[in-house]
Amino acid sequence: MTSFQSTLGEDGGIAEELAENQRAISIAEFFEKNKHMLGFDSGARGLVTAVKEAVDNALDATEEAGIAPDIYVEITEVGDYYRLVVEDNGPGITKEQLPRVFGKLLYGSRFHSREQTRGQQGIGISAAVLYSQLTSGKPAKITSRTQGSAEAEYFELVIDTDDNEPEIRAEETTSWDRPHGTRIELEMEANMRARTQLHDYVKHTAVVNPHARVELREPGLDEPLKFERGTDRLPAETEEIRPHPHGVELGTLLKMLEATESYSLSGFLQGEFTRVGGKTSTKVCDRFRDRHFGREMAWTTPSPHDAADVEDAVVDAVANKSAEATDRFAERVAETAGDRERIAHHELVEIVDTHADTAEAEFDETFGDTVRGNAVDAAWAELTRSDLLTASLYDRVDDATSTRKDDATIRGLAERLADKFAEADDPRHRATRDDLVAYVDRSANRVEEAEDVTLGDTARGNVVEACWAVMRTVPDDLPNVKTVAGDRDTASELLDAMRKTDILAPPTDCLSPITADLVEAGLRKEFDADFFAAASRDAEVHGGDPFIVEAGIAYGGDLEDGGSADVMRFANRVPLVYQRGACAITDVVKEIGWRNYGLDQPGGRGLPSGPAVLMIHVASTNVPFTSESKDAVANVPEIEDEIELAIREAARDLKSYLNRRRSLEKRRRKQEVLGRILPEMADKLSEVTGRERPNIDGALGRIMNNLIVERTVEEGTVTLAVRNHSERKETPELTDIVSTEPTAVSDGASVVDVDGEWFVQWSPSVSAGETAELTYAVGEEATFDVDVEGVEDEKLTVNA
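Residues numbered from 1 in each chain as written. Predicted model: local features only at pLDDT ≥ 70, side-chain atom pairs only at ≥ 80, totals over all residues. Heavy atoms only, no water.

With respect to the overall build of the protein chain
Inference 1: The number of helices and strands found in the protein chain is 24 helices and 26 strands.
Inference 2: Sequence separation of 24 or more characterises 71% of the internal contacts of the protein chain that already satisfy a separation of 6 or more.
Inference 3: Accessible area of the protein chain: about 38800 Å², with a carbon and sulfur share of 43%. (Helix = DSSP H or I, 4+ residues; strand = E, 2+ residues; numbered from the N terminus. Contact = heavy atoms within 4.5 Å. Areas by Shrake-Rupley, 256 points an atom, 1.4 Å probe, with all protein chains shown as cover.)

Notes on the packing of helix 8 (residues 250-259) against helix 20 (residues 488-500)
Inference 1: Viewed as axis vectors pointing N to C, helix 8 and helix 20 meet at an angle of 110 degrees, and their least axial separation amounts to 10 Å. Between helix 8 and helix 20, the interaxial angle falls into the category roughly perpendicular. Contacts between helix 8 and helix 20 involve Leu250, Leu253, Leu254 and Leu257 from the first element and Arg488, Ala491, Ser492, Leu494, Leu495 and Met498 from the second.
Inference 2: Partitioned by chemical class, the residues of the contact of helix 8 with helix 20 number 8 nonpolar, 1 polar and 1 charged. (Axes fitted to C-alpha atoms, helices over the stretch in contact; angles between N-to-C directions. Parallel < 35°, antiparallel > 145°, perpendicular 65-115°, else oblique. Nonpolar A, V, L, I, M, F, W, Y, C, P; charged D, E, K, R; others polar.)

Description of helix 15 (residues 386-400)
Inference 1: The end-to-end C-alpha distance of helix 15 is 21 Å, a good match for the 21 Å that 15 residues give at a rise of 1.5 Å each.
Inference 2: Every buried residue of helix 15 is accounted for by Leu388, Leu389, Thr390, Ser392, Leu393, Tyr394, Arg396, Val397 and Ala400. (Expected span 1.5 Å × (residues − 1). Buried < 20%, exposed > 50% of the residue type's maximum accessible area, 1.4 Å probe, protein only.)

Let's talk about unusual backbone geometry
Inference 1: A positive phi is found at Asn320, a non-glycine position, where the angle reads about 65 degrees.
Inference 2: The topology assignment puts Asn320 in the loop between helix 11 (304-317) and helix 12 (323-339).
Inference 3: Residue Asn320 is classed as exposed on the basis of its relative accessible area of 78%.
Inference 4: At Asn572, a position not held by glycine, the phi torsion is positive, near 50 degrees.

Concerning the nonpolar core
Inference 1: Ranked by size, the top nonpolar core spans 51 residues in total, and within it Phe329, Leu348, Leu393 and Phe421 carry the most contacts.
Inference 2: Aside from chain neighbours lying at most four places away, what touches Leu393 is Met297, Trp299, Ala414, Leu417, Ala418, Phe421 and Cys467.
Inference 3: Among the nonpolar cores identified, the runner-up in size contains 45 residues, and Ile125, Val129, Tyr131 and Leu198 belong to it. (Core = buried A, V, L, I, M, F, W, Y, C linked by side-chain atoms within 4.5 Å.)

Topic: the packing of helix 9 (residues 265-272) against helix 10 (residues 278-292)
Inference 1: For the pair helix 9 and helix 10, the least separation of the axes is 9 Å and the interaxial angle reads 130 degrees. In terms of their interaxial angle, helix 9 and helix 10 are classed as oblique. Here helix 9 runs over helix 10; the crossing is right-handed. Each of Leu265, Ser266, Leu269 and Gln270 in helix 9 lies in contact with helix 10, whose residues at this interface are Gly278, Ser281, Val284, Cys285 and Phe288. (Left-handed = near helix turned anticlockwise from the far one by under 90°.)

So, the sheet that holds strand 22 (residues 750-754)
Inference 1: Spatially, 4 strands are ordered 22-23-21-25 in an open sheet, and the strand pairing comes out antiparallel. If you trace the sheet from one side to the other, it starts and ends with strand 22 and strand 25 (784-789), each paired once. With direction set aside, neighbouring strand axes in the sheet form an average angle of 20 degrees.
Inference 2: Pairing geometry for strand 21 (residues 733-738) and strand 25, over 6 bridges, is antiparallel. From the neighbouring strand, Ile737 faces strand 25, where its bridge partner is Asp785. (Pairing = 2+ DSSP bridges.)

Details of helix 8
Inference 1: Restricting attention to buried positions, one finds in helix 8 the residues Leu250, Leu253, Leu254, Met256 and Leu257. Projected onto a plane normal to the axis of helix 8, the buried residues spread over an arc of 165 degrees and lie on a single side. Residues of helix 8 that are exposed and angled more than 90 degrees away from the buried face: Lys255, Glu258 and Ala259.
Inference 2: Structurally, helix 8 contributes buried residues whose contacts are with helix 9, helix 19 (481-485) and helix 20. (Arc of directions from axis to C-beta.)

Description of the confidence of the model for the protein chain
Inference 1: The predicted model of the protein chain averages 86 in pLDDT, with 89% of residues at 70 or higher.
Inference 2: Least confident of the elements in the protein chain is helix 1 (residues 4-7), whose mean pLDDT is 52; most confident is strand 9 (residues 295-296), at 97. (pLDDT = per-residue confidence, 0-100.)

Focus: the pairing of strand 4 (residues 152-160)
Inference 1: Most of strand 4 is tucked away, with 8 of its 9 residues classed as buried.
Inference 2: Across 5 bridges, strand 3 (residues 140-145) lies against strand 4 in antiparallel orientation. Opposite Ala140, over in strand 4, you have Leu157 as the bridge partner.
Inference 3: Joining the antiparallel neighbours strand 3 and strand 4 is a turn of 6 residues, in which Gly148 adopts a positive phi near 90 degrees.
Inference 4: Here strand 4 pairs with strand 5 (residues 165-174) via 9 bridges, running antiparallel. Bridging from a neighbouring strand, Leu157 pairs with Ile168 of strand 5.
Inference 5: Here strand 4 folds back onto strand 5, and the loop between the two strands holds 4 residues, one of which, Asn164, carries a positive phi near 55 degrees.

Let's talk about the pattern of salt bridges
Inference 1: Counted according to the given criterion, the structure contains 46 salt bridges.
Inference 2: Two residues, Lys52 and Glu53, come together in a salt bridge whose shortest N-O distance is 3.9 Å.
Inference 3: On the basis of relative accessible area, Lys52 is assigned to the buried category, the value being 7%.
Inference 4: Taken together, the salt bridges that share partners define one network made up of Arg83, Glu87, Lys138, Arg178, Arg183, Glu185 and Glu187. (Salt bridge = Lys/Arg side-chain N within 4 Å of Asp/Glu carboxyl O.)

Structural notes on the sheet that holds strand 4
Inference 1: The strand order 5-4-3-6-2-1-7-8 describes an open sheet built from 8 strands, whose pairing is mixed. Edge strands, defined here as strands with exactly one partner in the open sheet, are strand 5 and strand 8 (225-227). Averaged over all pairs of adjacent strands, the angle between their axes in this sheet comes to 15 degrees, without regard to strand direction.
Inference 2: With 3 bridges joining them, strand 7 (residues 213-217) and strand 8 adopt antiparallel strand pairing. If you follow Glu215 over to strand 8, its bridge partner there is Lys226.
Inference 3: Running over the sheet, helix 4 (residues 43-64) touches strand 1 (70-78), strand 2 (81-88) and strand 6 (181-188) and is turned about 155 degrees from strand 1.

A look at the pairing of strand 19 (residues 707-714)
Inference 1: The pairing of strand 19 with strand 20 (residues 717-724) spans 8 bridges and is antiparallel. By the bridge assignment, Glu710 is partnered in strand 20 with Ala721.
Inference 2: The loop that links strand 19 with its antiparallel partner strand 20 comprises 2 residues; one of these, Glu715, has a positive phi angle of about 55 degrees.
Inference 3: Relative to strand 26 (residues 796-799), strand 19 is paired through 4 bridges, and the arrangement is parallel. The residue of strand 26 that forms the bridge with Glu710 is Asn799.

Take a look at the structure:
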């Protein structure tokens, strides 16, 4: 049977025919057919995504202008469609830029900028415009007024998908009641089935942007959802930074090498990367030398007897010089070389050059390159005799291998390793680390065959490390930037050197983290809970881009119990409400053992259970999302590690809180039991003895190791005795509200008059087992009411 493929081309012209149907497409045309990639895969989700893109743009614009955001979102039903209106109080958009911002995909100012922003590609809001025109056929209506302008600019536009250009349907100048800002109106095919996700997005936006005021109106709401500001403090301004050496990939490095104006690698490193100064550049260049040229083995210098042989060899190598000059030159070379513990070939060259210069000046004779070269070769031959190389390597092998290796094994390995250096093509005994590993492996294999012993990976690795540690970085001139750019292998060596050099973490000026205190403030603003904790990590780097992870936890109170904890995910202050199961944040939360922190976790893994909210924020100059819709953070090990550390840091505070609460609950139950028993005992004691019933409050406090506050009033002097029966120092805050003006107040107190009542306040520090007395004087008709803060109710007994 003849296959279809075998018949192609029989009539000729097939390739030409196929070529006629091939053409480039615009990005707008691509997303027109693949709108699901941007989060517009259904009417329900499309509406949420459109709100998200518009609000994100509004937040970015207002913050960049230093304006506290006021954002208004309105959704209404209009026949078969929904109308979305989003307004902000930002700086507005100029008339020239407005059509491109809303009507051209991949148009923006942030893609090449290494600083934290919500949007980067310039796709989001123009994608919402595209979705609107595809589903309703109606243009987007945009109004914008810049600061200081008397009137606003109004446009109606659609996107020409063939050319990815805005097509303006209407343009005019109009009045608008806002002094500055932007308004976008879109009609689209949508529904409210994703109302929960929409509300989550708006509420979570309020949590992670406590400086913003957001209002949402939608069908079915009796009252608009309003989220007020929790702080007047705007996010810190960001500054663009250069890439960090640890995160650059090979292709990017090659591109940077080709584009730079620097000639030297040192200048390139300092000019194109952040955190690279002179010292760091030198470290990177030295490691690059190690990889590009290899290191030179530094051999143990000879004994005085062998040093004489070095001197004789140099004398024999020098020709046509006076005997006195030759002898003095050779003596100095041998003496200087012998004074060193180890010597490498380039170090010998430096010694010869130094003493040749000295001999020229002293004897007025020329020691040219030929003489110097002959002297180096002669001295090096004596310094690297086979027996000397073996002796030098014997010590390194002996120190690196275990005491169970016998002398014959050690010596055999040293001899064979010496042979590898001697047999190498480079007489300077240079070797890269890979070369050294190969030398050790081949030598060890030969020893194993000859001696019937085992030299395992650990022993071989230790020998490599021991030898590499005494090998010297060479001083050879590095290739220039253009040479490195033209050789992929050389560029790869430079990249490896950059990654292996310890370099400070990137600066955080390019990032605007929420900060731990505002994470907690945002949670407190939107959730009625008993406990809050937050943590903000230091900056780390991935792919050349710095990032910071923050985490927050709210627990108890009015939070819903009985199911899984609520996990709120954020990237650059933007809530991620879809694709929770595909997100690295969720994966990390599931892998943590929450039982260790006091929360239930059925099966020992998965989301924890209980009345808790977990909030995780990833801030970066380039968040790695799983798709263009930016709904989930990709599984990048460096980011996952930081997410886990941030969550655990906040979770440790939760664990302490829950442990303390459980302890206080046990204490409360014990106190309740004693509270029932002691009164009965007091009544019985009074009945049996015929005496007055004793006051048991102090006794109960002492039994429970409580802090006891007791009041006595004698002749106008009020004394508050604070007795600490607990096992630790307590610092309560006492406020005594007095009906008449107090006098003679004891040291450390403050007195405030509030509408005819006087508040006397102390904050004494009372050690375990001690008592503090707080006093003041009043008139005879005074009344008192004491309030004590800073001590749990279960640990406090007030008899005042």
